[in-house]
Amino acid sequence: MDFEKLGLFYLGKRYDPDTKAVVDEPILYDSRDLVTHAVCVGMTGSGKTGLCLDLVEEAAIDGVPVIAIDPKGDLGNLLLTFPGLSAEEFAPWIDEDEARRAGRTREAHAAEEARRWKEGLAAWGQDGARIERLRKSADFTIYTPGSSAGRPVSILTSFAAPPDARPDNELLVERAAGTATSLLTLAGVEAEPRSREHTLLATLFTNAWRDGRDLDLAGLIHDVQSPSIEKVGVVDLESFYPAKERFDLSMRLNGLLAAPGFQQWLDGAPLDPSSLLYTAEGRPRVAIFSIAHLGDAERMFFVSLLLHQVVAWMRRQTGTTSLRAIVYMDEIMGYFPPVANPPAKGPLLTILKQGRAFGVGALLATQNPVDLDYKGLGNAGTWFLGRLQTDRDKLRVLDGLESAATGGLNRADAERMLSSLDKRVFLLHNVHEPQPVLFQTRWTMSYLRGPLSREEVRLLQGSGVQGSGVQGSGGQGSAVAASSRRPVVPPEIPQFFVPSTGANPQYRPVVLGAAQVVFSDAKHGISEQRDVLYAAPISGGAVAVDWDSATRLDVDPSDLAKEPAGGASFQGVPPPALLPRNYTEWEKAFKRFVGQAEQVEVFSDPELKLTSRVGESERDFRIRLQDAQREARDRAVEALRKKYASKQGRIADQIRRAEAAVERETQQASQAKLQTTVSMGATLLGALFGRKMVSTGTIGRATTAARGMGRSMKESGDIERAAENLEAVRERERALEEEIQREIQAITDRLTGERQYERFALAPKRGQVGVQFVALGWL
């Protein structure tokens, strides 16, 4: 079977419900169909998780990244891939209780599992080479929020101001409301949306983010006690929520911060989908978030934060018709109910309604149909329906399909097929296909070991902590004496303070230089402006400021403050920085320095007409290039099919005419044979029972019979010629299909895989560096 085609997911083979046997016809699911989302429903033991893992494996092979939310703890099985299919590879992951029940030692059971997996894969046209390809196609990582068993996750970025914060941004308001609900749920505060607790927190988040200010839990607790707002709506703050009662809420939130182990929620990989979906090298990743170890409130808190981050990332992407990423949740019980509105439901609905435009597909799985809000799933275009617990569940699913308006569903046929499903057999209802189909899922390449313990996750992920933790900034005191008194500086010298995230900052003096730099290249269509900010140390030597030793700050010049933070202390200012005339010379030197230092590396693919943006990393460009490759491939294949559509139509018409000719000639031959037989019979009867002398009529009949035999032979020849013509047309059809497949393969070879793109350095031209200021800075 030829199922190794990019853009097609090999899910299994067609299943015949009458013979209860698998038909040797692969079920290939078009990856683009997943942008309209998929739902998988099946009871425990139906093979639901295996089917979803098949989809994830195929996505990884196709280079599509996945965010997988794992409430049960068994999606870590995706890391149990053994290309050698040997007993030694299986042995560490054998369940000893299962081996004991089978009456085998661990080693014997490992050998049996290796044999079973090897034979199972072979039955579905797979082998160790395909497992190796899966492992090389994507990075598989297990994240464990609130735990160091896998790779820890930091939730601090969830409280950071979104990059596109604007007063009219509806997403900002939605995210603030969702974050407030999640945080109150985690703190054990029963507060519905629009309650005063929820309204206060949502307002604090919204105001801070609109001002471009990041929040953390400590800052939020302070803001709850001393908000910067005076009114909520038209009611003054004290009437709406008195200070004494706000103090109680802040203590509840402080209980989270002070709780043992809460630090593990703050250290680890940032909750940023752009870094979760791809590695630093631009390699697609299957990011598995194992939350089985968390309590119900913690699970809801984390899932809602993660989904809000996904929505924010999704809306920053460009539109596409190809599958860009998958969000998979293995068990959505409690997260997408038909009546209630838990914190995770809002962002899930947003993904279902808007994900298609950005190439983000949702895959939701559950074993209980009562968990599903079918009205909310009206945008789901694909349904995988497996064996269900009761007839009532079956009827509920059918009702849901009809209410979801998925179209093309014959309820009677679907009910008949659902009534006799075996394990690993699913009814696939895809709105992009003319009718539902039954199929049996293929053998997973991952070893289905079952839920993994924390120690097993730790073993899979090494030490678990992989150097991406958020480090504190304390404990690094300066050897330079500092004073709480701010140094006196001549008024002609402007001063700016670089924002500090810590409490009681200790400022040291530097020279700040801000400039606007323009990069332009007409050939590649580049014309962008960049604001840069440098900090140069000040020495007491002959060269007080050397810009070559300056550090570029990741701070927008407009974010610099004119006043220090509260509780600050200051180091002394070296004498050269107290002379206003020096800043004029430093400004000239700064302009020359920026013209040489500010160079950007640009990447370009002329064939795809894709050029990197100024400041875009090679990793991000490669990710965009992969998206462009898939889109170009899909467009080229679509154009090719349109190109050959008329030829295929003409050949199909020729086949119909040739088949009609064979049918017509066959009928004429039958009639001629019948007439010949009747004439011969009449001639024989006349000869036997007529007069002794042969009459003229008898001779006429014999002559007619002879002519009939001639016509019969002619008609037989006509049949052979018509059949030969039909076979010739069919041969042309086969040749045309082979030609189409060759051209599709040529397109795939040309537009997939690693590409050799150009790279060059781009520097600002004369007059493209504009110095905004050179001033005394406090860092």
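Residues numbered from 1 in each chain as written. Predicted model: local features only at pLDDT ≥ 70, side-chain atom pairs only at ≥ 80, totals over all residues. Heavy atoms only, no water.

### Here we look at the overall build of the protein
- Summing up its helical and strand segments, the protein has 19 helices and 26 strands in all.
- Of all 779 residues assigned to the protein, the portion counted as buried reaches 49%.
- When contacts within the protein are restricted to residue pairs at least 6 apart in sequence, those whose partners lie at least 24 apart make up 76%.
- Surface accessibility of the protein: about 37,400 Å² in total, with carbon and sulfur atoms responsible for 51%. (Helix = DSSP H or I, 4+ residues; strand = E, 2+ residues; numbered from the N terminus. Buried < 20%, exposed > 50% of the residue type's maximum accessible area, 1.4 Å probe, protein only. Contact = heavy atoms within 4.5 Å. Areas by Shrake-Rupley, 256 points an atom, 1.4 Å probe, with all protein chains shown as cover.)

### Some remarks on the confidence of the model for the protein
- Mean pLDDT over the protein stands at 84; residues scoring 70 or higher make up 89%.
- The secondary structure element of the protein with the lowest average pLDDT is strand β16 (residues 482–483), at 66, and the one with the highest is strand β4 (residues 66–70), at 97.
- Predicted confidence for residues 463–480 stays below pLDDT 50, and this span has 26 contacts to residues more than four positions away or in other chains. (pLDDT = per-residue confidence, 0-100.)

### Some remarks on the nonpolar core
- Ranked by size, the top nonpolar core spans 96 residues in total, and within it L183, L220, F289, L306 and W383 carry the most contacts.
- Counting residues per element, this core draws most heavily on helix α12 (residues 296–315), at 12 residues.
- One finds A38, C52, L121 and L363 within the second-largest nonpolar core, a separate group that totals 60 residues. (Core = buried A, V, L, I, M, F, W, Y, C linked by side-chain atoms within 4.5 Å.)

### Quick notes on the pattern of salt bridges
- Inspection of the entire model under this criterion finds 40 salt bridges.
- When the shortest N-O distance is used, the salt bridge between D627 and R324 registers 3.2 Å. Highlighted residues: D627 in helix α18 (residues 618–689) and R324 in the loop between α12 and β11 (325–329), separated in sequence by 303 residues. This pair shows no difference in class: D627 is buried, exactly as R324 is.
- Between D653 and R656 there is a salt bridge, with the nearest N and O atoms lying 3.3 Å from each other. On the criterion of helical spacing, the pair formed by D653 and R656 is a turn pair, its members being 3 residues apart in helix α18.
- Here the residues in one salt-bridge network are D54, E57, E58, R130 and R442, joined through shared partners. (Salt bridge = Lys/Arg side-chain N within 4 Å of Asp/Glu carboxyl O.)

### A look at the side chain of T141
- Secondary-structure assignment places T141 in strand β5 (residues 139–143).
- Once you skip the residues sitting within four places of it in the chain, T141 turns out to touch R151, R285, V286, A287, I288 and Q461.

### With respect to the packing of aromatic side chains
- In this structure the tally under the stated criterion is 29 aromatic pairs.
- Between Y374 and W383, the ring centres sit 6.0 Å apart and the planes meet at 20°, which makes this aromatic pair stacked.
- By relative accessible area, Y374 is classed as buried at 10%.
- Put simply, the rings of F82, F90, W117, W443 and Y447 pair up and form one aromatic cluster.
- Above the ring of W209, the side-chain terminus of R175 is found at 5.1 Å from the ring centroid.
- For R196, the ring lying beneath its charged end belongs to Y241, and the centroid distance is 4.4 Å. (Phe/Tyr/Trp six-rings, centres within 6.5 Å; stacked < 30°, edge-to-face > 60°. Lys NZ or Arg CZ within 6 Å of the ring centre and 35° of its normal.)

### Examining unusual backbone geometry
- Positive phi, normally seen in glycine, also occurs at R424, with a value near 70°.
- Here K609, not a glycine, exhibits a phi torsion of approximately 55°, which is positive.

### Points about helix α7 (residues 196–210)
- Taking 1.5 Å of rise per residue, 15 residues should cover 21 Å, and α7 covers 21 Å from first to last C-alpha, within 8% of that figure.
- Within the span of α7, buried status applies to E197, H198, L200, L201, A202, L204, F205, T206, A208 and W209.
- Close packing links the buried residues of α7 with α6 (170–186), α8 (217–225), α9 (237–240) and α10 (243–258).
- G212 sits one or two residues past α7 and shows a positive phi near 75°. (Expected span 1.5 Å × (residues − 1).)

### A word on the side chain of S322
- For S322, the position within the fold is in the loop between α12 and β11.
- Ignoring anything within four residues of it in the chain, the contact list for S322 reads R32, V35, G359, R630, E631 and D634.

### Some remarks on the sheet that holds strand β12 (residues 360–366)
- An order of β2-β1-β15-β14-β13-β3-β12-β11-β4-β10-β5 is seen for the 11 strands of this open sheet, with the pairing classed as mixed. Strand pairing shows two members of the sheet lacking a second neighbour, β2 (21–30) and β5, which therefore form its edges. Taking the axes of each pair of neighbouring strands and ignoring which way they run, one obtains an average angle of 25° across the sheet.
- Taken together, the 4 bridges between strand β13 (residues 382–385) and strand β14 (residues 425–430) define a ladder with antiparallel strand orientation. (Pairing = 2+ DSSP bridges. Axes fitted to C-alpha atoms, helices over the stretch in contact; angles between N-to-C directions.)

### A look at the pairing of strand β26 (residues 769–778)
- Where burial is concerned, most of β26 is hidden: 7 out of the 10 residues are buried.
- The pairing of strand β17 (residues 495–497) with β26 spans 3 bridges and is classified as parallel. Each residue of the ladder has a partner; that of F496, found in β26, is G777.
- Note: strand β19 (residues 509–521) against β26, 9 bridges, orientation antiparallel. Note on β26: the bridge partner recorded for V517 is V769.

### A few points about the packing of α7 against α10
- Between α7 and α10, the shortest axis-to-axis distance is 12 Å and the interhelical angle comes to 70°. Classed by the angle they form, the pair α7 and α10 counts as roughly perpendicular. Between α7, through R196, E197, L200 and L201, and α10, the contact on the second element is made entirely by E245, R246, L249 and L253.
- Among the residues forming the contact of α7 with α10, the class breakdown is 4 nonpolar, no polar and 4 charged. (Parallel < 35°, antiparallel > 145°, perpendicular 65-115°, else oblique. Nonpolar A, V, L, I, M, F, W, Y, C, P; charged D, E, K, R; others polar.)

### Considerations on the packing of α6 against α12
- Packing of α6 against α12 leaves a shortest axis separation of 8 Å and a crossing angle of 165°. Taken together, the axes of α6 and α12 lie roughly antiparallel to each other. Judged by the twist between their axes, the crossing of α6 over α12 is left-handed. On the side of α6, the interface is formed by L171, E174, R175, G178, T179, S182, L183, T185 and L186, while α12 contributes A297, E298, M300, F301, S304, L305, H308, Q309, V311, A312 and R315.
- Broken down by class, the residue content of the contact of α6 with α12 amounts to 9 nonpolar, 7 polar and 4 charged. (Left-handed = near helix turned anticlockwise from the far one by under 90°.)

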